[in-house]
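Notes for the structure review
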Amino acid sequence: MSRWDGKTKGSLVGYKIFLFFINTLGLDFAYRLLQLVTYYYYLFAKKQKRALLDFYQNILHFPVSEAKKLARQNFYIFGQTLVDRAAFLLGKTEQLNHVFENEQYLVDIRDGGKGGILLSAHLGNWETAGNLLKGRITPTINIVMLDAEVESIKQFMDTSTGGSRFKVIAIKDDLSHIIAIRNALVNNEFIAIHSDRYLDGAKFIELDFFGRKAKFPYGPFVIASKFDAPVTFVFAAKDGKYSYHLSATLPITDKLKPEEIARLYVAELERKVKEYPEQWFNYFNFFV
């Protein structure tokens, strides 16, 4: 599997340009500009495009023409999710809407009083979903992530937009994030973790994924197993130009081993990737 450093790609200049256009000319103009930008990446981001084409052709078995079309859509929709995130933080949300399949599951978790663990993936955009849900289902959603974004970009986004409407729990070498997760659950808050990508050197679990062996990060499933909180798998895929389809699975309330939770998660991720193949934003050789 190719190395991933946990950093969001993109330059500070690029963020400034898109924030300016969203703020002054609106979301639709930003989308049109995005078509040019993402086509550039489709042409010149050769390693990422090669990984996508390999996945579409050799794993999902799409013909070459369809695989190329999906790869272009993938770059474009990924760009849209970043633009949508910025638009939301700027308060330009009048065009954005969503539906939530099985929203009641999260309501039930909240009412249980033990907090909840939401395992997600790099499919669609659960960061925007977290912003949409804040205050509606739970007062606080915490997203566990690597704190590896370029500091100048983070500072600019926070200064320009006021920052995200959820809390970030940064993964630390001293394991202080475990204490932060425990405290959040005690306060009946939600913990959201992407569980489909691992860093070289981190502990992983090898599972069948689309008939091939693939490595998944072990940490999220250990967290889901060790804490006394319900676990659900959540996704937020774009199902229209300005709309998202959010979903949650029936919560796991029994005490399961990390490996058992991981297998259930991978089965659901397979189903979602089949449904939205153009929206799994994985630009690496994922398989063993």
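Rules and cut-offs
- Residues numbered from 1 in each chain as written.
- Predicted model: local features only at pLDDT ≥ 70, side-chain atom pairs only at ≥ 80, totals over all residues.
- Heavy atoms only, no water.
- UniProt positions renumbered as here; feature names shortened; annotations may be inferred.
- Helix = DSSP H or I, 4+ residues; strand = E, 2+ residues; numbered from the N terminus.
- Salt bridge = Lys/Arg side-chain N within 4 Å of Asp/Glu carboxyl O.
- Axes fitted to C-alpha atoms, helices over the stretch in contact; angles between N-to-C directions.
- Parallel < 35°, antiparallel > 145°, perpendicular 65-115°, else oblique.
- Left-handed = near helix turned anticlockwise from the far one by under 90°.
- Contact = heavy atoms within 4.5 Å.
- Nonpolar A, V, L, I, M, F, W, Y, C, P; charged D, E, K, R; others polar.
- Buried < 20%, exposed > 50% of the residue type's maximum accessible area, 1.4 Å probe, protein only.
- Pairing = 2+ DSSP bridges.

Here we take up the UniProt feature "transmembrane region" (unreviewed entry) in the protein. Within this numbering scheme, the UniProt entry marks residues 20-42 as carrying the feature "transmembrane region" (unreviewed entry). Taken as a whole, residues 20-42 contains 96% helix and 0% strand, while its terminal C-alpha atoms sit 24 Å from one another.

A few words now on the pattern of salt bridges. Side chains that differ in sign of charge can pair as their charged atoms come close. Enumeration according to the criterion identifies eight salt bridges in this entry. A single network of salt bridges, built from pairs that share partners, joins Asp-28, Arg-32 and Lys-241.

Turning to the packing of helix H2 (residues 27-44) against helix H4 (residues 64-89), a few remarks are in order. Geometry of a packed helix pair, given as the angle between the helix axes and the separation of the axes. Look at H2 against H4: their axes get within 9 Å of each other, and the N-to-C directions meet at 135°. Judged by the angle between their axes, H2 and H4 are oblique. Seen along the crossing, H2 lies across H4 with a hand that is right-handed. The segment H2 lies against H4, with Leu-27, Ala-30, Tyr-31, Leu-34, Gln-35, Thr-38, Tyr-39, Tyr-41 and Tyr-42 engaging Lys-68, Ala-71, Arg-72, Phe-75, Tyr-76, Gly-79, Gln-80, Val-83, Asp-84 and Ala-87. Looking at the contact of H2 with H4 residue by residue, the classes come out as twelve nonpolar, four polar and three charged.

Most of strand E2 (residues 116-120) sits inside the fold, with five of its five residues counted as buried. With burial as the criterion, each face of E2 is covered, one bearing Gly-116, Leu-118 and Ser-120 and the other bearing Ile-117 and Leu-119. Relative to strand E8 (residues 231-238), E2 runs parallel, the two being bridged by three bridges. Residue pairing in the sheet places Ile-117 in a bridge with Val-231 of E8.

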